[in-house]
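# Survey of secondary and tertiary structure
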Amino acid sequence: MRAYRFRAYTSKTTARVLETQLEVACKLYNTLLHAEQEEYEENKHTMNKTELRQLALDLRKQNKEFQVLHSQVAQQVADRFYEARQRFFDGLANKPKKKKPHQYLSLVYPQSGWRLSNTREVGLGKNNKRKARLRLSKIGFFTLILHRELPLEQVCRVCVKLNPSGRIHVIFLVEEPESQEQQSEGEPKNAVGVDLGITRLATLSDGRYLENPKPLERSLDRVRLLQRSLSRKRFLSGNWFKTKTKLAKEHEHIKDFRRDLFFKLGALLAQEYDLLVLEDLGVRNLVQKGENKKRRRLRLHDSSFSELRAVLEWGFRKRGKLVLPVPAYNTSRECFLCGGINQSLTL
């Protein structure tokens, strides 16, 4: 399973329709939660997936408010509640609780209800991209920027997501067999070791290194200012939503900057090397007790070692190349020439 995520643009009217449908889907989710609680209190019985789906369809027929949702979208809301309840039974998450409308941000079309058309080329040279027109049933039309090839015949699910910043993205889930990722034959010719750190984000075994840009630390003053402003607003008021959107845009900018840097680094290394060697870091264990515990934790979260490792591994395996994790114990104390351990070095 692979996800293709594209930025979507639409009119203000369609955006308001999407917001309305998200609120209705949230209300349907809470109604299913309440019905499940009543069923268990009266009969000591929990409904299975089929019963929850049928209940969602019955509620859609009886209540005109729920009829604004596509039938399969309503069934997917039931599936979402069922999966949340199963994660609670398996001990992987907390008990499902009532959702707030501003926290329900996505709708899923499992099989039908969407159509992609009018694909065309725009731009010239390096700016050459493709645009397409997506129609979602009961919502409206969206213009997508297709920055990479999409296997339309293999799409099994379409998800439209409204981010807290106000941006809209459409995610296509594609079923792809594992055989498409061909492993390289023979021994790797070029290998590179990557050492992750806070001052230098990545240090390569060939001597090159990448300084840590620290996007969160650089934007911390702006984030704190918006957070203080948000705390002074009345909860769920108009000004609260406006400030919340500004804060979400700031966090989204930091996240996009970081992910763009990681993907560019992964593409560069995957083009030059055949084998990637990484430390198997336990990020949670890196936070030690001390006076600068809060600052160290901030820089560790800002560096996002886990996300960087996942992006690097994905970039290599996508091209059929090898990734070799090694234990991180004493790697900062071990001499690369003789293999001796320098116990006097502090971490």
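Everything discussed here concerns the structure shown above.
Structural notes, computed from the coordinates. Predicted model, so just to flag it, every value in this text is computed and none were measured.

## Some details on the pattern of salt bridges
Inspection of every chain in the model, using the stated rule, returns 16 salt bridges. In this structure, the salt-bridge partner of Arg167 is Asp256, at a minimum N-O distance of 3.3 Å. Here Asp256 lies in helix α6 (residues 238–272) and Arg167 lies in the loop between β6 (155–162) and β7 (168–174), a separation of 89 residues in the sequence. Classification of Arg167 by relative accessible area gives partly exposed; the value is 32%.

## Observations concerning the sheet that holds strand β8 (residues 191–196)
Strands pair in a sheet through their backbones, by hydrogen bonds, and they do so in one of two ways: parallel or antiparallel. Strand order in the open sheet formed by five strands is β10-β9-β8-β11-β12, with mixed pairing between adjacent strands. Across the chains shown, the open sheet's two edge strands, defined by having one partner strand only, are β10 (209–211) and β12 (322–327). For this sheet, the mean angle separating the axes of adjacent strands, direction not counted, is 20°. Note that β8 and strand β11 (residues 275–280) share four bridges and pair parallel. Of the residues in β11, the one forming a bridge with Val194 is Leu278. Here α6 sits on the sheet and contacts β8, β9 (200–204) and β10; the angle it forms with β9, its principal contact strand, is near 0°. Taken strand by strand, helix α8 (residues 305–318) contacts β8, β9, β11 and β12, and its axis lies near 160° from that of β11.

## Topic: a positive patch on the surface
The grouping of Arg224, Arg228, Arg232, Lys294 and Arg297 at the surface amounts to a positive patch. When contributions to the positive patch are tallied by element, the ones reaching two or more residues are α5 (220–232) and α7 (293–303). It is α5 that contributes the most residues to the positive patch, three residues altogether. As for its position among the elements, Lys294 is in helix α7.

## Section: the packing of aromatic side chains
Under the criterion given, the structure shown has eight aromatic pairs. Look at Tyr29 and Tyr104: their rings are 6.2 Å apart centre to centre, the planes differ by 55°, and that puts the pair in the tilted class. Taken together, the residues Tyr29 in helix α1 (residues 12–43) and Tyr104 in the loop between α3 (71–89) and β2 (106–109) connect sequence positions 75 residues apart. Of the two residues examined, Tyr29 and Tyr104, each falls in the buried class. Ring geometry for Phe88 against Phe89: centres 5.8 Å apart, planes inclined by 45°, an arrangement best described as tilted. With a relative accessible area of 32%, Phe88 lands in the partly exposed category. Three or more aromatic residues joined by ring pairs form one cluster here, namely Phe6, Trp114 and Phe172. Its guanidinium or amino end placed over the ring of Tyr29, Lys99 lies 5.3 Å from that ring's centre, counting from NZ or CZ.

Definitions and cut-offs
Each residue is numbered by its place in its chain's sequence as written, counting from 1. At least 70 in pLDDT is required for a residue's local features to be given in this predicted model, at least 80 for side-chain atom pairs to be given and counted, and no such filter applies to totals for whole chains, interfaces and linings, which use all residues. Water and hydrogen atoms were dropped before computing side-chain values, which therefore reflect all heavy atoms in the structure. Think of a salt bridge as a Lys or Arg side-chain nitrogen and an Asp or Glu carboxyl oxygen that are within 4 Å of each other. Strands here mean DSSP runs of E at least two residues long; helices mean DSSP runs of H or I at least four residues long; both are numbered from the N terminus. Three labels apply to residues, based on accessible area from a 1.4 Å probe with only protein chains included: buried if under 20% of the type maximum, exposed if over 50%, partly exposed otherwise in between. Pairs of strands are assigned from DSSP output, requiring at least two bridges between the strands. Under this scheme, a helix contributes an axis fitted over its contacting stretch, all axes are lines through C-alpha atoms, and angles between N-to-C directions fall in the 0 to 180 degree range. Note on contacts: a residue pair qualifies if any of its non-hydrogen atoms lie within 4.5 Å across the two residues. A residue counts toward a patch only above 30% relative accessible area and without a salt bridge, and it is joined to like-charged neighbours within 9 Å or, for Val, Leu, Ile, Met, Phe, Trp and Tyr, to nonpolar neighbours within 5 Å. For the accessible areas, the method is Shrake-Rupley and the probe is 1.4 Å, while residue cover comes only from the protein chains on display. The charged-residue count follows a simple rule in which Lys and Arg add positive charge and Asp and Glu add negative charge, with His and chain termini not counted at all. Taken as the charge centre is NZ of Lys, CZ of Arg, CG of Asp or CD of Glu, depending on the residue. Aromatic contacts are taken between Phe, Tyr and Trp rings whose centres are within 6.5 Å, Trp giving its six-membered ring; a plane angle under 30 degrees counts as stacked, one over 60 as edge-to-face, and the others as tilted. Geometrically, a charge over a ring is one whose NZ (Lys) or CZ (Arg) sits within 6 Å of the ring centre while staying within 35 degrees of the ring normal.

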